[in-house]
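One letter stands for each residue in the lines below.
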Amino acid sequence: MGSLFPAAALARARAIGDLGYANPFSEERIRLERLILGDQAPAHDVWIMEPGQRDASPHLAALTRAGEDCIAAALARRATLTDIDADSWRLYGDVAMYVLYYRVENPFFKILIHPDSSSQRMPFWSGFRDDWRQLIGATPLADDPQFAPEHLFALCFQIRRAFHFTYRAIFGTTRLSAQLRADIWDSIFTHDLRRYRQGLFRRMYEISTLVLGPSGTGKELVAQAIGLSRYIPFNASNGRFEADYRHCHQPVHLAALPATLLESELFGHRKGAYTGAISDRLGYLETRHAAQTVFLDEVGELPPEIQVKLLRVLQSRTFQRLGDNETREFHGKIVSATHRDLGEAMRQGTFREDLYYRLCSDQIRTPSLAMQLQEKPEELEHLLQSVSLRLLEPEAASGLAAEASAWIRRHLPEHGWPGNMRELEQCVRSILVRGRYSPPASPRRTTTVMEQWLEEVRTGALDHETMTGRYYALVYAGCGSYEAAARKLGTDWRTVKTRLDKAFLDSLGDGG
Ligand SMILES: Nc1ncnc2c1ncn2[C@@H]1O[C@H](COP(=O)(O)OP(=O)(O)OP(=O)(O)O)[C@@H](O)[C@H]1O
């Protein structure tokens, strides 16, 4: 029995084969790149996307060459052998998959930057099929369904999307941000891409993902990266994907929906189900394709009666529209997110345990900005650059990032960024517009006082004068001057000064 890979080339071939299956954001990936590239290997431990850079490995060209050389050598050797061992074919399959991926990586990337073409015929499918015939078609792998050309094509597009939407969305050069990207990847493919390719890809809709973390840390970005990166079967007979990836992510902002509409928005309703239901309506859960993802944002705010119904959807994957007896099937995956402490919510009885255990099989935690800056203080400059690039052209963005960095280091050296990346974005905008930024005096305390106040509003516990006095205090705290608050409130500054609730204002700002 002969091997397609001579002993001297075996370790490198294995590394190339493994590279195609390694989580691209993991340390394992860097280790493999080092093994393959030797001297040209990456110097850093975290894959960094420099602001403005194309979203691909910085070593793309060298890695592609290594894969092509490896497969060419194996094919040349094959011609000289009569009997080839099974292990060799397995390794050959991994390397071939890697090579095929890099041959379509760029055309798929172009689809992502010109997304209108994503629902059209894939013009490079025939080229891919020719490559497949050359690399796989005449080998014992050709009859294995996991090497079917349309499956590999679908997988290549999925990998390209997952890389694109994760790498572009989540900024940062810290290990914490790299870990977050790696966690997103695992949610999409699991930690074992081989097993995924073999068949698990068909069942991933059954695994729900729960994204937890403080407000403004990118939970929605995580959900979006997952939702846009699901496996979509490719139809070889018409040359199209079975769904347009852009329509596969369906966000539902639960906290923004009034309680009365929530049920009908989620489950749909039948004409006449309640006053105002003038026609049949599809709910968000009425997805048509297993590749679809429904993202339930702020799931911790769901009222108890809807929690029970959602539990049923997750258990039986069925539901009914409001006012309708017909049982419908839910196709698709649920991703949910909350900044709430669900453990505490369960202890208080406001969140059902059984629902939690249905949602939590796969959890991702988004790190706070403070934790990232603690790991690497100079990360602030990188993030400011990335945030500025979302606002301005590269040259102007560098100027803005430098201005923001100097301003923050001078005026807010100890700031804890309680609003996380969202706050950092607003800070950069404020510096762009006004040359300065005023953070809330003590956001943590403000949240507590605010929560208490909102509860009193909700329960109608306040008289008119107290209510107005507190609202004036809140506006004044946000504006920073009586004049600015008066403009906003449509009154004069003296009225603001006399009517605002001073005790409430102090409690907003005293840091307790
Ligand atoms: N890690 C990150 N990398 C890049 N941008 C980020 C990151 N985290 C948050 N942002 C940006 O901050 C803003 C808020 O992000 P997002 O809405 O995803 O946060 P969230 O955790 O869902 O917040 P909330 O709990 O308040 O809904 C967005 O503009 C987003 O682009």
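Throughout this description, residue numbers start from 1 for each chain and increase along the sequence as written. The model is predicted, so local features are restricted to residues of pLDDT at least 70 and side-chain atom pairs to those at 80 or more, both for listing and for counting; the totals for chains, interfaces and linings are taken over all residues. Hydrogen atoms and water are omitted, and side-chain values are computed over all heavy atoms in the structure.

Topic: a nonpolar patch on the surface
For patch detection, residues must exceed 30% relative accessible area and be free of salt bridges, and they are connected within 9 Å for like charges or within 5 Å for nonpolar side chains (Val, Leu, Ile, Met, Phe, Trp, Tyr). Surface accessibility follows the Shrake-Rupley procedure with a 1.4 Å probe radius. Residue values consider only the protein chains on display as shielding. Any Lys or Arg side-chain nitrogen located within 4 Å of an Asp or Glu carboxyl oxygen qualifies as a salt bridge. The grouping of Leu454, Val457 and Met467 at the surface amounts to a nonpolar patch, some 220 Å² of accessible area in total. For Leu454, the location among the structural elements is in helix α18 (residues 443-458). The secondary structure listing takes helices from DSSP runs of H or I that are at least 4 residues long and strands from runs of E that are at least 2 residues long, numbered from the N terminus.

Brief notes about the site of the ligand
We define proximity as follows: a residue is near a molecule or strand when any one of its heavy atoms falls within 4 Å of that partner. Of all residues adjacent to the ligand, which total 16 residues, the nearest are Ser215, Gly216, Lys219, Arg390 and Glu425. Residue Ala169 places a main-chain N or O atom 3.3 Å away from a nitrogen atom belonging to the ligand. Each polar contact in these results corresponds to two N or O atoms within 3.5 Å; when the atoms are within protein, one needs to be able to donate a hydrogen and the other to accept it, and residues that are neighboring in sequence are counted only if both atoms are side-chain atoms. Here Lys219 contributes a side-chain N or O atom positioned 2.6 Å from an oxygen atom of the ligand. Within the residue set of the shell around the ligand, elements represented by two or more residues are α9 (219-227) and α17 (420-434). Of the residues contributing to the shell around the ligand, the split by class is 6 nonpolar, 4 polar and 6 charged. When residues are grouped by polarity, Ala, Val, Leu, Ile, Met, Phe, Trp, Tyr, Cys and Pro land in nonpolar, Asp, Glu, Lys and Arg in charged, and all others, Gly among them, in polar.

Regarding the packing of helix α19 (residues 464-479) against helix α20 (residues 482-489)
Between α19 and α20, the shortest axis-to-axis distance is 8 Å and the interhelical angle comes to 120°. On the basis of their axis angle, the class for α19 and α20 is oblique. Considering how the two elements wind past one another, α19 and α20 form a crossing that is right-handed. Counting all contacts with α19, which are made through Tyr471, Tyr472, Val475, Tyr476 and Cys479, the residues of α20 involved are Tyr482, Ala484, Ala485, Lys488 and Leu489. Axes here refer to lines fitted to C-alpha atoms; in helices the fit is confined to the stretch in contact. Angles between the N-to-C directions go from 0 to 180 degrees. When an angle is under 35 degrees it counts as roughly parallel; over 145 it counts as roughly antiparallel; between 65 and 115 it counts as roughly perpendicular; any other value is oblique. We call a crossing left-handed when the near helix sits turned anticlockwise from the far one by less than a right angle, and right-handed when that turn is clockwise. For this analysis, residues touch if any pair of their heavy atoms sits within 4.5 Å.

What about the side chain of Glu298?
By the element assignment, Glu298 lies in the loop between β7 (293-297) and α11 (304-316). Accessibility here uses a 1.4 Å probe with only protein chains present; expressed as a share of the type maximum, an area under 20% marks a residue as buried, one over 50% as exposed, and anything in between as partly exposed. For this count, His and the chain ends are skipped, Lys and Arg are scored as positive, and Asp and Glu as negative. Buried and unpaired, Glu298 has Lys219 as its nearest opposite-charge partner, separated by 5.8 Å. A distance of 3.2 Å separates the side chain of Glu298 from the side chain of His339, its partner in a polar contact. Apart from residues no more than four positions distant in its own chain, Glu298 is found in contact with Leu254, Ala255, Ala337, Thr338 and His339.

A word on the side chain of Thr190
Within the secondary structure, Thr190 sits in the loop between α7 (175-189) and α8 (193-198). Relative accessible area serves as the criterion here: at 17%, Thr190 is assigned to the buried category. At 3.2 Å, the side chain of Thr190 and the backbone nitrogen of Asp192 are in polar contact. The residues touching Thr190, leaving out its near neighbours within four places in the chain, are Trp185, Leu200 and Met204.

Comments concerning unusual backbone geometry
You will see that Thr190, though not glycine, has its phi angle at about 65°, which is positive. Phi at Arg317 takes a positive value of approximately 55°, unusual for a residue other than glycine. Relative to the assigned elements, Arg317 resides in the loop between α11 and β8 (318-319).

Description of helix α2 (residues 27-37)
Every buried residue of α2 is accounted for by Arg29, Ile30, Leu32, Glu33, Ile36 and Leu37. In a view along the axis of α2, the buried residues occupy a sector of 165°, so they form one face of it. Check the buried side of α2 and you find it contacts α1 (7-19), α3 (60-78) and α4 (86-113). Once α2 ends, the next one or two residues include Gly38, with phi positive near 55°. Each C-beta atom gives one direction from the helix axis, and the arc is the one those directions make.

Side note on the packing of helix α15 (residues 379-389) against helix α16 (residues 394-411)
Remark: α15 packs on α16, axes separated minimally by 8 Å, with the N-to-C direction vectors making an angle of 135°. Here α15 lies oblique to α16, going by the angle between them. Handedness of the α15/α16 crossing: right-handed. Note on element contacts: α16 touches α15 through Pro394, Ala397, Ser398, Leu400, Ala401, Ala404, Ser405, Ile408 and Arg409, opposite Leu380, Glu381, Leu384, Gln385, Ser388 and Leu389. In terms of residue class, the contact of α15 with α16 is made up of 9 nonpolar, 4 polar and 2 charged.

A word on the environment of Arg312
Assignment of secondary structure puts Arg312 in helix α11. With 16 residues separating them in the primary sequence, Arg312 and Leu296 have C-alpha atoms 15 Å apart. Residues in contact with Arg312, not counting those within four places in the same chain, are Arg317, Thr318, Gln320 and Thr327.

Here's the deal with the sheet that holds strand β1 (residues 209-212)
The rule for pairing is simple: two strands pair if DSSP sees at least two bridges between them. Read from one edge to the other, the open sheet built from 5 strands follows the order β4-β7-β10-β1-β11, with strand pairing classed as parallel. If you trace the sheet from one side to the other, it starts and ends with β4 (249-253) and β11 (362-365), each paired once. Neighbouring strand axes in the sheet, compared pairwise and without regard to direction, differ in orientation by 20° on average. Strand direction decides the pairing type here: β4 and β7, joined by 5 bridges, are parallel. Across the sheet, the residue bridging to Gln250 is Val294, located in β7.

What to know about the packing of aromatic side chains
Under the pairing criterion, centres of Phe, Tyr and Trp rings, with the six-membered ring standing for Trp, must be within 6.5 Å; the plane angle then separates stacked pairs below 30 degrees from edge-to-face pairs above 60, leaving the rest tilted. Enumeration according to the criterion identifies 31 aromatic pairs in this entry. Arranged with centres 5.3 Å apart and planes meeting at 85°, the rings of Trp89 and Tyr92 form a pair that is edge-to-face. Residue Trp89 and its partner Tyr92 are located together in helix α4, separated by 3 residues, close to a single helical turn. Just as Trp89 is buried, Tyr92 falls in that class too. Within the aromatic cluster, the residues linked to one another by ring pairs are Phe108, Phe124, Trp125, Phe128, Phe153, Phe157, Phe165, Phe234, Phe241 and Tyr245.

Here we look at α11
Helix length check: α11, at 13 residues, gives a terminal C-alpha distance of 19 Å against a target of 18 Å (1.5 Å per residue), a fit within 8%. Along α11, the residues classified as buried are Ile306, Gln307, Leu310, Leu311, Val313 and Leu314. For α11, the angular spread of the buried residues around the axis is 160°, confining them to a single face. Once α11 ends, the next one or two residues include Arg317, with phi positive near 55°. To estimate the expected span of a helix, subtract one from its residue number and multiply by 1.5 Å.

Side note on the domain arrangement of the protein
Here the protein is partitioned into domain 1 (7-201), domain 2 (225-365), domain 3 (369-434) and domain 4 (443-509). Computed from C-alpha coordinates alone, the two centres of domain 1 and domain 3 are separated by 34 Å. In this assembly, 13 residues from domain 1 lie in contact with 13 residues from domain 3. When two parts are put together, the accessible area they lose, computed with a 1.4 Å probe and summed over both, is reported as buried area. Across the domain 1 to domain 3 interface the summed buried area is about 1,000 Å²; carbon plus sulfur atoms make up 65%. Applying the counting criterion to the domain 1 and domain 3 interface returns 0 salt bridges. Domain borders in the structure are assigned automatically or taken from a domain database.

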